[in-house]
Amino acid sequence: QVQLVESGGGLVQPGGSLRLSCAASASIFSVSVMGWYRQAPENERELVAAMTSGGSTNYADSVKGRFTISRDNAKNTVYLQMNSLKPEDTAVYYCRGWGKTYEYWGQGTQVTVSS
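A brief report on the enclosed structure follows. It should be emphasised that the depicted structure is a prediction, and the values quoted were computed from it without experimental measurement.

**Things to note about the packing of aromatic side chains**
Right, on to step 1. Evaluation of the coordinates by the stated rule reveals four aromatic pairs.
Right, on to step 2. Ring geometry for Y94 versus W105: centroids 6.4 Å apart, planes at 80°, classification edge-to-face. Remark: W105 occurs in strand β10 (residues 103–105) and Y94 occurs in strand β9 (residues 91–98); sequence separation between them is 11 residues.
Right, on to step 3. Judged by relative accessible area, which is 14%, Y94 ranks as buried.
Right, on to step 4. Judged by its relative accessible area of 32%, W105 is partly exposed.
Right, on to step 5. Here the aromatic residues Y37, Y94, W98 and W105 are joined through ring pairs into a cluster of three or more.

**A short note on the pattern of salt bridges**
Right, on to step 1. One pass over the structure, following the stated rule, counts five salt bridges.
Right, on to step 2. Notably, a salt bridge pairs D89 with R38, separated by 2.9 Å at the nearest N-O pair. Here D89, found in the loop between β8 (77–82) and β9, pairs with R38, found in strand β4 (residues 33–39); they are 51 residues apart in sequence, far enough to count as distant. The pair formed by D89 and R38 is uniform in burial state, with each residue classed as buried.
Right, on to step 3. Measuring nitrogen to oxygen at the nearest pair gives 2.8 Å for the salt bridge that ties R96 to E103.
Right, on to step 4. Overall, E103 belongs to the partly exposed group, its relative accessible area being 41%.
Right, on to step 5. Members of the salt-bridge network, linked through shared partners, are R38, E46, R66 and D89.

**Description of the nonpolar core**
Right, on to step 1. With 30 residues, the main nonpolar core has W36, L80, M82 and Y93 as its most contacted residues.
Right, on to step 2. Counting residues per element, the ones that place at least two in this core are β3 (18–24), β4, β5 (46–52), β7 (67–72), β8, β9 and β11 (109–113).
Right, on to step 3. Sort the elements by how many residues they give to this core and β3 lands first, with four residues.
Right, on to step 4. By size, the runner-up hydrophobic cluster in this structure holds five residues, among which are V33, Y37, A50 and W98.

**So, the state of the cysteines**
Right, on to step 1. This structure, assessed with the given rule, holds one disulfide.
Right, on to step 2. Note that C22 is cross-linked by a disulfide to C95, the S-S spacing being 2.1 Å. The S-S bond linking C22 to C95 shows a torsion near -80°; that makes this disulfide left-handed. One end of the pair, C22, is in strand β3; the other, C95, is in strand β9, and 73 residues separate them in sequence.

**Some thoughts on the environment of T77**
Right, on to step 1. Residue position: T77 is located in strand β8.
Right, on to step 2. With 52 residues separating them along the chain, T77 and S25 place their C-alpha atoms 9.3 Å apart.
Right, on to step 3. Not counting residues up to four positions away in its chain, the partners in contact with T77 are S21, C22, A23, I28, S70, R71 and D72.
Right, on to step 4. Polar side-chain contacts of T77 include one of 2.9 Å to the backbone oxygen of K75.

Calculation notes
Residues numbered from 1 in each chain as written. Predicted model: local features only at pLDDT ≥ 70, side-chain atom pairs only at ≥ 80, totals over all residues. Heavy atoms only, no water. Phe/Tyr/Trp six-rings, centres within 6.5 Å; stacked < 30°, edge-to-face > 60°. Helix = DSSP H or I, 4+ residues; strand = E, 2+ residues; numbered from the N terminus. Buried < 20%, exposed > 50% of the residue type's maximum accessible area, 1.4 Å probe, protein only. Salt bridge = Lys/Arg side-chain N within 4 Å of Asp/Glu carboxyl O. Core = buried A, V, L, I, M, F, W, Y, C linked by side-chain atoms within 4.5 Å. Disulfide = S-S within 2.5 Å. Contact = heavy atoms within 4.5 Å. Polar contact = N/O pair within 3.5 Å; in protein donor to acceptor, adjacent residues only side chain to side chain.

Laid out in structure tokens, this is it:
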């Protein structure tokens, strides 16, 4: 069982940047996909960005060109660099790792974009 712990959330003004981190309790080298999801109040949880163990990435259309996902297998950490933040990016952001027969979720970190 791999535990995931997110950090880096907070309050930021529109146009600002944040970097989220997802630290894993064990090696993520063999985890097929690592990704970030978000859930705003009264909305369904949605995929924001994902990266396979081979380095392929996938982004939601709403964040393309603004967010970047990366993973450091040596540090067992996944990052989400978020630039040009908008109020509509406000949500709880969750880290997820998954494969064919398993999945792991973090507890989430709040990101609030407001002036």
